[in-house]
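Chain by chain, the residues:
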Protein chains: 2
Amino acid sequence: MELLKKRILQDGRCLEGGILKVDSFINHQMDPGLMKALAVEFVRRFAAERINKVMTIEASGIAPAIMVGFLLDLPVVFAKKKRPKTMADMLSTTVHSFTKDRDYDVCISREFLTPADRVLFIDDFLAYGNAALGASRLIHAAGATLCGMGFIIEKAFQDGGRRLRERGIRVESLAIIESLDDCRIRFRE
Amino acid sequence: MELLKKRILQDGRCLEGGILKVDSFINHQMDPGLMKALAVEFVRRFAAERINKVMTIEASGIAPAIMVGFLLDLPVVFAKKKRPKTMADMLSTTVHSFTKDRDYDVCISREFLTPADRVLFIDDFLAYGNAALGASRLIHAAGATLCGMGFIIEKAFQDGGRRLRERGIRVESLAIIESLDDCRIRFRE
């Protein structure tokens, strides 16, 4: 998606260790107009699937997910990284974050992820794919159907895309970073 | 706001200990159409303020905040509850959560909260007001101006509204719960 690639080149910053900072417009400060444009593109790409629910994981997936839900008039559910005291019947799985080098639990209420749900999962980043695989485990455990996964940015050199696609999951990423070597952003054409 | 009150009566659930569960449409599963309608109401109420930034705290403030930012074409920044490794020049404050009975830090990059910013703070719940007061400390420390605070639901019996208003902060809550005694939801008229 050209608009997004241009914005990444303009406002993204590359740090040592394969880190791409997009915190001025995606995951700390957010540009709502851009989020809406990204959501339109997700809707286009997944238009043929019979989706009836959008799912994400807190926190930076919420903005693009709510925009997709708004455009499609569908409920959006976000998996939580801490178990709320008041959540009773809950599905949970453990996810390892490479970026933060720690494990965390993600959980979702069975009430809002059911066998009737055909789910589009949306998140900001696809890196090693552990969060996305955690989401797919929750969807599987709920007996729901995973229709596809949409990411704003995929880091192709961190293997998550391959791991998801080889499981037969339909993955759509709006910008795919081929490499960040020498702190230069190279997109996959 | 009548639409919201009706929805709370229809889908909200009252638990022991003054807890109002709205996790089927606000803070776990979310209704994007409702979020947009709530954002329109926030825009109406704060239309006269010269706002140039919307701020919230992750995670359940993000959906209403991004909708307000979308309608007003303004950037939205969310304070984080964990300090990201890659955040350099950061403002931070400690907030006590009565609900979870623990302290947590909220932080925001100085890059995205500056003396030029006139901030509308948006969140889902106003209870004891500690998170909102934490946000106002961050705004003050950044030298930014707090134009107002908008909440989807205020629990009037938990005192946060009084604490904010007596500091001269303009507070607008779209539904004000007078009491949840005997697990009955009573709104302030």
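Check the entry above for the structure.
Thresholds, definitions, all that
Residues numbered from 1 in each chain as written. Chains lettered and ligands numbered in written order. Predicted model: local features only at pLDDT ≥ 70, side-chain atom pairs only at ≥ 80, totals over all residues. Helix = DSSP H or I, 4+ residues; strand = E, 2+ residues; numbered from the N terminus. Buried ≥ 20, exposed ≤ 12 C-beta atoms within 10 Å, placed from the backbone. Contact = placed C-beta atoms within 7 Å. Pairing = 2+ DSSP bridges. Axes fitted to C-alpha atoms, helices over the stretch in contact; angles between N-to-C directions. Least-squares fit on C-alpha atoms with pLDDT ≥ 70 in both.

**Section: the environment of Lys80 of chain A**
Residue and element names in this part refer to chain A.
Here is step 1 of the chain: Take Lys80: it is sitting in the loop between strand E5 (76–79) and strand E6 (90–97).
Here is step 2 of the chain: Look at Lys80 and you get buried, because 23 C-beta atoms sit within 10 Å.
Here is step 3 of the chain: Sequence separation between Lys80 and Ile108 is 28 residues; the distance between their C-alpha atoms is 6.4 Å.
Here is step 4 of the chain: Sequence-distant contacts of Lys80, that is, excluding residues within four places in its chain, are made with Glu58, Val106 and Cys107.

**Brief notes about the sheet that holds strand E11 (residues 186–187) of chain B**
Here is step 1 of the chain: Read from one edge to the other, the open sheet built from seven strands follows the order E3(A)-E5(B)-E4(B)-E8(B)-E9(B)-E10(B)-E11(B), with strand pairing classed as mixed. With one partner strand each, in any of the chains shown, strand E3 (29–30) of chain A together with E11 of chain B form the two edges of the open sheet.
Here is step 2 of the chain: Of the strand pairs in this sheet, strand E8 (residues 118–126) of chain B and strand E9 (residues 145–155) of chain B are connected by eight bridges, and their pairing is parallel. Paired with Asp123 of chain B across the two strands is Phe151 of chain B, which belongs to E9 of chain B.
Here is step 3 of the chain: Across the sheet, helix H4 (residues 130–141) of chain B lies against strand E4 (53–57), strand E5 (76–79), E8 and E9 of chain B, angled at about 165° from E8 of chain B, the strand it touches most.

**Overview of the relation of the copies chain A and chain B**
Here is step 1 of the chain: Between chain A and chain B, which share one sequence, the superposing operator has a rotation angle of 180° and an axial displacement of 0.0 Å; the RMSD is 0.0 Å. What the rotation and shift describe, once combined, is the action of a two-fold rotation axis. For chain A, the minimum C-alpha distance to the rotation axis belongs to Ala59 of chain A and amounts to 2.6 Å.
Here is step 2 of the chain: Interface residue correspondence from chain A to chain B reaches 97%, placing this contact among same-surface, isologous pairings.

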